[in-house]
Amino acid sequence: MPELLIVGGLTVDRFPDGRRAPGGSVLHAAVAASGEGVRPATATVAGDEPEARAGLERLRGMGEVVVQASPRTTTYAHSEHDGRRVLVLEASSDPIAPATLSPLPAADVALFAPIADELPAAAIHELRARLRPRLTVLLIQGWLRRLVVGEPVHPLPLADVERDVWDAFALADAVVVSTEDITETPGDPFAQALDVRGRLGPGPILVVTLGSEGYLLDDPRAPRIVASVPRTVVRDVPTVGAGDTFGAALALHLGRGRDPVAAAEAATERVIAVLEGRRS
């Protein structure tokens, strides 16, 4: 049985210099898992573009892959404005339909990581019922985006996320979200964490990642929220996929029985190692 199954869509990423490359949370998370000595299984949706085929081939080099065919792969144009990454949605894949993912490999830990709302709440429930993983971790940025083809991607207000989606989140063991994906109370991550917690209920561990400033960890079984600021900050390298790397490593270390703080610290070290590796 694989230690980790990653579920979500691939992307085709287009950059200002005209370069096109495969991307998406599943790819970044799989690379992170490989760095932890794991052969992850992946369940994804993708079209037949050359970049999508290249992404699937790379995933197959790391572990088992199950693919749902789609007329197109989710495509993002990447640029920067005032030092911040800007994404424009150029195409969307079909939603993930669990019935098309067969045979679906069972795994000890399931990581759900959509990138463009391609995993409906009903699909989360169906996948969990089929897989019966011991641990479920959700990277929820893909559900928190306002997505219109041809327009820049903006964070979706938490109140606009459907109640059935929050109910599905509430059944997870851990939820990871970036402070950049929460529109309410910008600049106040403690207030953001409390807002998300109020919608999640008392169940999951919640981690709000703060980019190079670290993370907040809210474990309902602990007496207080933990704030961690790393002493090592890697600068002047691309940070795309850092959140997915953190989420995959967190899921693995939680699955291996480490307590949430130790798992989050190990995840932080994995992100630093990946970013340091990009210097070459």
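The following paragraphs examine the structure supplied in this document. Not measured: the values here are computed from a predicted model.

## Some thoughts on the packing of helix α3 (residues 121-131) against helix α4 (residues 163-170)
Point 1. Close contact between α3 and α4 brings their axes to 8 Å; oriented N to C, the two are set at 25°. Accordingly, the angle class assigned to the pair α3 and α4 is roughly parallel. The two elements α3 and α4 cross, and the hand of that crossing is left-handed. Two secondary-structure elements touch here, α3 through A121, I124 and H125 and α4 through D164, V165 and A168.
Point 2. Grouping the constituent residues of the contact of α3 with α4 by class yields four nonpolar, one polar and one charged.

## Topic: the packing of aromatic side chains
Point 1. Going through the model one piece at a time under the given rule, you end up with three aromatic pairs.
Point 2. Residues W166 and F169 carry aromatic rings whose centres are separated by 5.4 Å and whose planes lie at 85° to one another, so their mutual orientation is edge-to-face. Of this pair, W166 and F169 are both found in helix α4, three residues apart, which corresponds to roughly one turn of the helix.
Point 3. The interplanar angle of 50° and the centroid separation of 5.8 Å between the aromatic rings of Y215 and F246 together place this pair among those described as tilted. Residue Y215 is located in strand β14 (residues 215-218), and its partner F246 is located in helix α6 (residues 242-255); the two are separated by 31 residues in the primary sequence. Of the two residues, Y215 and F246, neither departs from the other in class, the shared state being buried.
Point 4. One aromatic cluster is present, formed by W143, W166 and F169 through successive ring pairs.

## Thoughts on helix α5 (residues 189-200)
Point 1. Helix length check: α5 (twelve residues) gives 16 Å between terminal C-alpha atoms against 16 Å at 1.5 Å per residue, within 8%.
Point 2. Buried within α5 are the following residues: P189, Q192, A193, V196, R197 and L200. Seen end-on, α5 carries its buried residues on one side only, within an arc spanning 135°. Of the exposed residues in α5, the ones pointing more than 90 degrees away from its buried face are L194 and G198.
Point 3. Where α5 is buried, its residues meet α4, β12 (174-178), β13 (205-209) and β14.
Point 4. The first or second residue beyond α5 is G201, which carries a positive phi of 85°.

## Observations regarding the pairing of strand β5 (residues 65-69)
Point 1. In this sheet, β5 lies alongside strand β4 (residues 41-46) in parallel orientation, the contact comprising five bridges. Bridge pairing links T44 to V67 in β5.
Point 2. Considered for its hand, the β-α-β crossover made up of β4, helix α2 (residues 50-60) and β5 is right-handed.

## Observations regarding the nonpolar core
Across soluble globular proteins, you tend to see nonpolar side chains buried next to one another.
Point 1. Core analysis: the biggest nonpolar cluster contains 44 residues, and L4, L59, L111, V207, F246 and L250 have the highest contact counts within it.
Point 2. Ranked by residue count, the leading element in this core is α6, at eight residues.
Point 3. Judged by nonpolar contacts, the second largest core, of 40 residues, contains A121, L158, W166 and L200.

## A look at the pattern of salt bridges
Point 1. For the structure shown, the criterion picks out twelve salt bridges.
Point 2. Of the charged contacts, one joins E51 and R20 as a salt bridge, the two residues approaching to 3.2 Å between their closest N and O atoms. Of this pair, E51 sits in helix α2 while R20 sits in strand β3 (residues 20-23), and the two are 31 residues apart along the sequence.
Point 3. Taking relative accessible area as the criterion, E51 reaches 14% and is therefore assigned buried.

## Examining the sheet that holds β3
Point 1. If you walk across this open sheet you meet the four strands as β3-β2-β6-β7, and the pairing is mixed. Whereas interior strands pair on both sides, the edge strands pair on one side only; in this sheet they are β3 and β7 (84-91). For this sheet the average axis-to-axis angle between neighbouring strands, irrespective of direction, equals 30°.

## Section: the packing of helix α1 (residues 25-35) against α6
Point 1. Packing of α1 against α6 brings their axes to within 8 Å, and their N-to-C directions diverge by 50°. As the angle between them shows, α1 and α6 are arranged oblique. The hand of the α1/α6 crossing is right-handed. Here α1 contributes S25, H28, A29, A32 and A33 to the contact with α6, which in turn contributes D244, T245, A248 and L252.
Point 2. In the contact of α1 with α6, the residues fall into five nonpolar, three polar and one charged.

Cut-off values and rules
Residues numbered from 1 in each chain as written. Predicted model: local features only at pLDDT ≥ 70, side-chain atom pairs only at ≥ 80, totals over all residues. Heavy atoms only, no water. Axes fitted to C-alpha atoms, helices over the stretch in contact; angles between N-to-C directions. Helix = DSSP H or I, 4+ residues; strand = E, 2+ residues; numbered from the N terminus. Parallel < 35°, antiparallel > 145°, perpendicular 65-115°, else oblique. Left-handed = near helix turned anticlockwise from the far one by under 90°. Contact = heavy atoms within 4.5 Å. Nonpolar A, V, L, I, M, F, W, Y, C, P; charged D, E, K, R; others polar. Phe/Tyr/Trp six-rings, centres within 6.5 Å; stacked < 30°, edge-to-face > 60°. Buried < 20%, exposed > 50% of the residue type's maximum accessible area, 1.4 Å probe, protein only. Expected span 1.5 Å × (residues − 1). Arc of directions from axis to C-beta. Pairing = 2+ DSSP bridges. Right-handed = clockwise from strand over helix to strand, strands pointing away. Core = buried A, V, L, I, M, F, W, Y, C linked by side-chain atoms within 4.5 Å. Salt bridge = Lys/Arg side-chain N within 4 Å of Asp/Glu carboxyl O.

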